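Observations on chain architecture
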Amino acid sequence: MSAHKHTNRLADETSPYLLQHAHNPVDWYPWGDEAIEKARSENKPILLSIGYSACHWCHVMERESFEDEKIAGLMNEHFVNIKVDREERPDLDQIYMNAVQLMQRHGGWPLTVFLSPDLVPFFGGTYFPPEDRHGMPGFPRILSHLADAYRTRQSEIAEGAAELLDELRRMSMTRESDEPLTVSILDDAARAVAKTFDPRHGGFGGAPKFPAPMTLDFLLRTHRRTRDPHLLEIVTHTCRKMAFGGIYDQLGGGFHRYSTDAHWLVPHFEKMLYDNALLSRLYLHAYQATGDELFKRIVEETLDYVVREMTDPSGSFYSTQDADSEGIEGKFFVWDEAELKDLLGEDDARLFSTFYNVTDEGNFEEENILNVTRPAEAVAADAGVSVEKLDEVLRRGREVLFAARERRVKPGRDEKVLTAWNALMLEGFAEASATLGREDYRAVAERNAQFILENLKDGEHLLHVYKDGRAKHKGFLDDYAYFVSALVTLYETTGTLRWLQEATALCEKMIDEFWDEEEGGFFYAGRSGEQLIVRTKDFFDNATPAGNSVAADALVRLSLLTANEDYRRRATTIFRVTRDALTRHPSAFGQLLGALHFHISAPKEIAIISGSDTEAGESLLREVWGRYIPDKVVAQAREGDEESARIIPLLQERPALGGRATAYVCQNYSCRQPVTDARELALQLEEGAGADS
């Protein structure tokens, strides 16, 4: 490595994104004491550049500016240059992204921020071109101007920075609402979100279009309570359109990041672990609610893709796959018509191309993204073949094309392991294992939980990131909240008490590390982590759910399972603190609305005690997980399991009737007759759907 004429300090890092910049002529530092000390002792401003490995424009700015000797010279002369991987340090990203949004009214990556030596931002933006163009000043001009301003107008810059710092601190202040938390909040939110629905293509608004799995999940919950058919239509129509669009990988399974157009055809081609975690759960819930086999197929293909391409032999999950291969965005995923004829033969290629919308002129830069625009019945009828024959041709064609695609140069993969994203994915595998009866998915979920507990814990503290055998950075709120939630689900789906015990211990640690005793809610960074210029709180559910939203949901579920009232009180505080913002901007709180729905509704408390006949216990569990009951907790144990009964009051004094597996369903402080028959359990579970649950 050091034989290269430029190797900077990033060469010792584990982040693939930082390592990509290790040979730039820029004298990059990783974030840390050495760089900050240098800025202070030399009174130099800091140039902070934040990005991530799957980010297209980050690579463009690197090619144009950071690999350019002249521009690097300017950077090295006037600034202390720090490079950060936002996925490794989301705490830094959050603070400095907020700052740039305040300054410029928009943000994004690459994030380029200029800080005083005491780390307060005074100027920032996103991508800057290497020379003036499209009305944007070139990066060299920005560098010279800011270096000069810092030298000659330092007190003025300090004043502006102090004002910005005040503003950043205000952004994290919260106040509890006195208004009641009622079901009308949920109904108003669902109505407001539904207004932006695109009835033609599905999804919300125009281009670019994001999948919004948390918002769709909330609408599905609301439909179960209100039976409003329009809400179900929004969810199922959107799920179908995405499943048939280019945003979904028709050959390999899994979802790309988002669609650049309004009809889900041309995606940003990177695949993120968190999108696939959230979307596989949305499709699982849609399958539970409708029984539509399409949704089940999408769940299985997506989870199978994660097992195949995003799972390390250790059982951990990788973070992302890039959009680009061989320097060209989407190259791995697109096809031309001639290629299909070569691979499939004239007749099969004609049918395959008709179904997957492949044409000579192409639908993306003269190539084709596979997508489905018409039902199989219509395509078969037009071609004069049976649907069975068409299905056979399509199945064969997908196999041949997938095998051919595997021989191409694959997109880069970011193999670092993030606790929060792993937890989201593990929760998806756990729930799918119970719903679909897939033991292999259960094994994936349990191995992943085991990996995190063994490799991403330091004493009682969770850590944030793992790569090349090294775990580092104290965990953030998302790491704790997502993992607590995942462990609760893993307990509910497997009945293994250890997972609930781990969840409770981590929940206590989360409260200790992050809870704001004065104003309520959880801070993003913990008390024992690095103290930055502000302690932010995040309540917005963006591409990933806010830690506060997931924590609120996990606290309510844990309070029901363990009868801990303190957990419920803290969750209620989060709902009160966010109530006003949530009513004003419901589409920014999909996850939190779901958690509030759980809190306000009367969740079903289901206990299953298995007797000597384990098969009977399995059939009762299949009833519970095979249907859509979003607002529930599930406890299970074998008869005579005193430890489980001690921790989980739902299991106390609950015998297996006549030695047979028995289900107990309680709701609203009253319990139904215990049942041993799956059909009777089904009736109890469906009772009240559309009224109170």
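For the structure itself, consult the block above.
Right, let's walk through the structure included here.

The rules we used
- Residues numbered from 1 in each chain as written.
- Predicted model: local features only at pLDDT ≥ 70, side-chain atom pairs only at ≥ 80, totals over all residues.
- Heavy atoms only, no water.
- Axes fitted to C-alpha atoms, helices over the stretch in contact; angles between N-to-C directions.
- Helix = DSSP H or I, 4+ residues; strand = E, 2+ residues; numbered from the N terminus.
- Parallel < 35°, antiparallel > 145°, perpendicular 65-115°, else oblique.
- Left-handed = near helix turned anticlockwise from the far one by under 90°.
- Contact = heavy atoms within 4.5 Å.
- Nonpolar A, V, L, I, M, F, W, Y, C, P; charged D, E, K, R; others polar.
- Patch = residues over 30% accessible without salt bridge, like charges linked within 9 Å, V, L, I, M, F, W, Y side chains within 5 Å.
- Areas by Shrake-Rupley, 256 points an atom, 1.4 Å probe, with all protein chains shown as cover.
- Salt bridge = Lys/Arg side-chain N within 4 Å of Asp/Glu carboxyl O.
- Lys, Arg positive; Asp, Glu negative; His and termini not counted.
- Charge placed at Lys NZ, Arg CZ, Asp CG, Glu CD.
- Disulfide = S-S within 2.5 Å.
- Buried < 20%, exposed > 50% of the residue type's maximum accessible area, 1.4 Å probe, protein only.
- Pairing = 2+ DSSP bridges.
- Phe/Tyr/Trp six-rings, centres within 6.5 Å; stacked < 30°, edge-to-face > 60°.
- Lys NZ or Arg CZ within 6 Å of the ring centre and 35° of its normal.
- Core = buried A, V, L, I, M, F, W, Y, C linked by side-chain atoms within 4.5 Å.

**Looking at the packing of helix α13 (residues 337–344) against helix α14 (residues 346–355)**
In a pair of packed helices, the angle between the axes and the distance between the axes together describe the arrangement. Close contact between α13 and α14 brings their axes to 7 Å; oriented N to C, the two are set at 135°. Classified by the angle between their axes, α13 and α14 sit oblique to one another. As α13 packs across α14, the resulting crossing turns out to be right-handed. For the pair α13 and α14, the contacting residues are E337, L340, K341 and L344 in the first and E346, D348, A349, F352 and S353 in the second. Its residues placed into classes, the contact of α13 with α14 shows four nonpolar, one polar and four charged.

**Some details on a negative patch on the surface**
Together, D336, D342, D360 and E361 make up a region of like negative charge exposed at the surface. Relative to the helices and strands, D360 is located in the loop between α14 and α15 (376–383).

**A closer look at the state of the cysteines**
The full count for this structure, using the stated rule, is two disulfides. Disulfide partner of C55: C58, at an S-S distance of 2.2 Å. Judged by the sign of its S-S torsion, about 85°, the cystine formed by C55 and C58 is right-handed. Assessed through its relative accessible area of 4%, C55 is described here as buried.

**A few points about the pairing of strand β3 (residues 80–85)**
By the criterion of burial, β3 is predominantly enclosed, with six of the six residues buried. Covered by surrounding structure in β3 are V80, I82 and V84 together with N81, K83 and D85, the residues of both alternating faces. When strand β1 (residues 28–30) meets β3, the two strands line up parallel, connected through three bridges. Within the sheet, the bridge partner assigned to P30 lies in β3 and is K83. Note that strand β2 (residues 46–51) and β3 share six bridges and pair parallel. Its bridge partner lying in β3, G51 is registered against D85.

**Digging into the environment of K331**
Mapped onto the elements of the fold, K331 is located in the loop between β11 (328–329) and α13. Take K331: its relative accessible area is 34%, and that puts it in the partly exposed class. The spacing of K331 and K410 is 79 residues in sequence and 9.2 Å in space, taken between C-alpha atoms.

**Description of the packing of aromatic side chains**
Per the counting criterion, the structure on display carries 26 aromatic pairs. On the numbers, 5.0 Å between centres and 90° between planes, the contact of W28 with F66 is edge-to-face. Of this pair, W28 sits in strand β1 while F66 sits in helix α3 (residues 56–66); the two residues are 38 residues apart in sequence, bridging distant segments of the chain. Take W28 and F66: they sit in the same class, and that class is buried. Centroid distance F128 to F139: 5.9 Å. Interplanar angle 15°. Geometry classified as stacked. Of this pair, F128 sits in the loop between β5 (121–125) and α6 (139–152) while F139 sits in helix α6, placing them eleven residues apart in sequence. On the accessibility criterion, F128 (8% relative accessible area) is buried. Site record: aromatic cluster; members linked through ring pairs are W28, F66, F128 and F139. We note R438 situated over the ring of Y441; from NZ or CZ to the ring centre the distance is 4.0 Å.

**Some words on the sheet that holds strand β9 (residues 320–321)**
Here three strands make up an open sheet; going across it, the order is β8-β9-β12 and the pairing antiparallel. If you trace the sheet from one side to the other, it starts and ends with β8 (271–272) and β12 (413–414), each paired once. In terms of strand pairing, β9 meets β12 through two bridges, oriented antiparallel. For T320, the partnering residue across the bridge sits in β12 and is D414.

**Observations concerning unusual backbone geometry**
W109 connects to P110 through a cis peptide bond whose omega is 5°. Put simply, A207 and P208 share a cis peptide bond, and its omega is -15°. Along the chain, the position of P208 falls in the loop between α8 (183–194) and α9 (213–226). Even without a glycine there, the phi angle at R105 is positive, about 70°. Here R105 shows up in the loop between α5 (90–104) and β4 (111–115). At H473, a residue that is not glycine, the phi angle is positive and equals roughly 65°.

**A closer look at the nonpolar core**
The biggest cluster of nonpolar side chains holds 133 residues, and the ones touching the most others in it are Y283 and F522. Examining the composition of this core, we find that eleven residues originate from one element, helix α19 (residues 477–494), more than from any other. Those residues in contact with Y283 that lie beyond four places of it in its chain are T238, C239, M242, A243, F255, F295, I298 and V299. Core analysis: the next-biggest nonpolar cluster, separate from the first, contains 55 residues, L92, F128, I142 and A149 among them.

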